[in-house]
Amino acid sequence: MSSTELPSVPATTALPKVAPVRVADGERLRSVGLPGITLSVRSRPPAREGLPPALYVHGLGGSSQNWSALMQQLEGVVDGEAIDLPGFGDSPPPDDGDYSVTGHARAVIRFLDAAGRGPVHLFGNSLGGAVSTRVAALRPDLVRTLTLVSPALPEIRVQRTAVPTALLALPGVTALFTRFTKEWSAEERVRGVTALCYGDPGRVTPEGFRNAVEEMERRLQLPYFWDALTRSARGVVNAYTLGGQHGLWRQAERVLAPTLLVYGGRDQLVGFRMAQRAARAFRDSRLLTLPDAGHVAMMEYPDTVARAFCELLGETGQLAGGVPAGDPVTAFSPDGGGPVVDDGEAAAESAGS
């Protein structure tokens, strides 16, 4: 190990007394112990019995709370659960310190196998999108449909706004960053994250901002916070360099499940231009493009994402619940700021124009 690297923090020593994780009205939080990992699982009781199961996987630096709005939108359609990946949210670090995309995918597979809920409707955002892609490729028996919101799939030309996040993967950078920002308040940090992840930070409500600040204050007290973030960022970068059958694009081509791809036109972390390649790579794909959305469309436009998911279920004969209330998802002109939904082939042409 390089002397500039952060040492791995064993899970057994990473359980400080910090403020409890926020649980929204109607949500439940429980802890699930599995070989080598302990996962925190957020859920909402389904509107009725018998709904198909769904699992939500968050992105780098996120948590299961990132899915609360979409989970509420879909509570009458699926029986949803969202996990905190090892080292994030309320989940302690993995015993083996493995924060690679494969390590996170292994955690998801272990959870699904142990729960016996599969196959599920699998959702993933950013890092969670890469993880979910790997899960769907390796274990098609566990996945009914795949919904990816700005998935972190390899890009040859990474946009400049994503470079600072990628630099966290380099040895020593995190230590420098933490020293440079040690005087930053939780409010300043949340404003920075919001400006980076949202297409329009103004869509964050005052209550949502206060909740994010509270969560940031809690995370900064965790001794493994920066370690988990750094090693997971390194895991994404390493996954970008893999070729052959282990490459994420090759695995995307192996996914059998009907797939919904969601990309934001103002995404500063995942290039909007990648929508074209993704629509071609996933063999049974539909593409939802949101010109005004950023990196977390499920948080900015949960109603639109929910309706697109319901349309996917309707097209594949899997819609067991009702469609969420709201205007139907329709196609708008590219300069109109509205969502565009299409099948993979037409969407690829649209994304490339």
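Draft legend 1. Molecular detail of the overall build of the chain. Within the chain, the secondary structure is distributed over 13 helices and nine strands. Within the chain, buried positions represent 53% of all 353 residues. When contacts within the chain are restricted to residue pairs at least 6 apart in sequence, those whose partners lie at least 24 apart make up 75%. On the chain, roughly 15200 Å² of surface is accessible, and the fraction owed to carbon and sulfur atoms is 53%.

Draft legend 2. Structural detail: the packing of aromatic side chains. A complete count under the given rule lists five aromatic pairs for this structure. For the ring pair tryptophan 67 and phenylalanine 123, a centre distance of 6.2 Å and an interplane angle of 65° mean the geometry is edge-to-face. With tryptophan 67 in the loop between strand E3 (53-57) and helix H1 (68-73) and phenylalanine 123 in strand E5 (residues 120-125), this pair connects stretches of sequence that are 56 residues apart. A centroid spacing of 4.8 Å and a plane angle of 55° characterise the contact between phenylalanine 123 and phenylalanine 309, whose relative ring orientation is tilted. One end of the pair, phenylalanine 123, is in strand E5; the other, phenylalanine 309, is in helix H12 (residues 302-315), and 186 residues separate them in sequence. The structure contains a cluster of three or more aromatic residues connected by ring pairs, namely Tyr56, Trp67, Phe123 and Phe309. Lying across the ring of tyrosine 301, arginine 203 places its NZ or CZ 4.1 Å from the centre.

Draft legend 3. Expanded view of the pairing of E3. Burial runs high along E3: five of the five residues are buried. Residue alternation in E3 divides its side chains into two sets, Pro53, Leu55 and Val57 and Ala54 and Tyr56, and both sets are buried. Of the strand pairs in this sheet, E3 and strand E4 (residues 79-84) are connected by five bridges, and their pairing is parallel. Note on E4: the bridge partner recorded for proline 53 is aspartate 79.

What counts, and at which threshold
Residues numbered from 1 in each chain as written. Predicted model: local features only at pLDDT ≥ 70, side-chain atom pairs only at ≥ 80, totals over all residues. Heavy atoms only, no water. Helix = DSSP H or I, 4+ residues; strand = E, 2+ residues; numbered from the N terminus. Buried < 20%, exposed > 50% of the residue type's maximum accessible area, 1.4 Å probe, protein only. Contact = heavy atoms within 4.5 Å. Areas by Shrake-Rupley, 256 points an atom, 1.4 Å probe, with all protein chains shown as cover. Phe/Tyr/Trp six-rings, centres within 6.5 Å; stacked < 30°, edge-to-face > 60°. Lys NZ or Arg CZ within 6 Å of the ring centre and 35° of its normal. Pairing = 2+ DSSP bridges.

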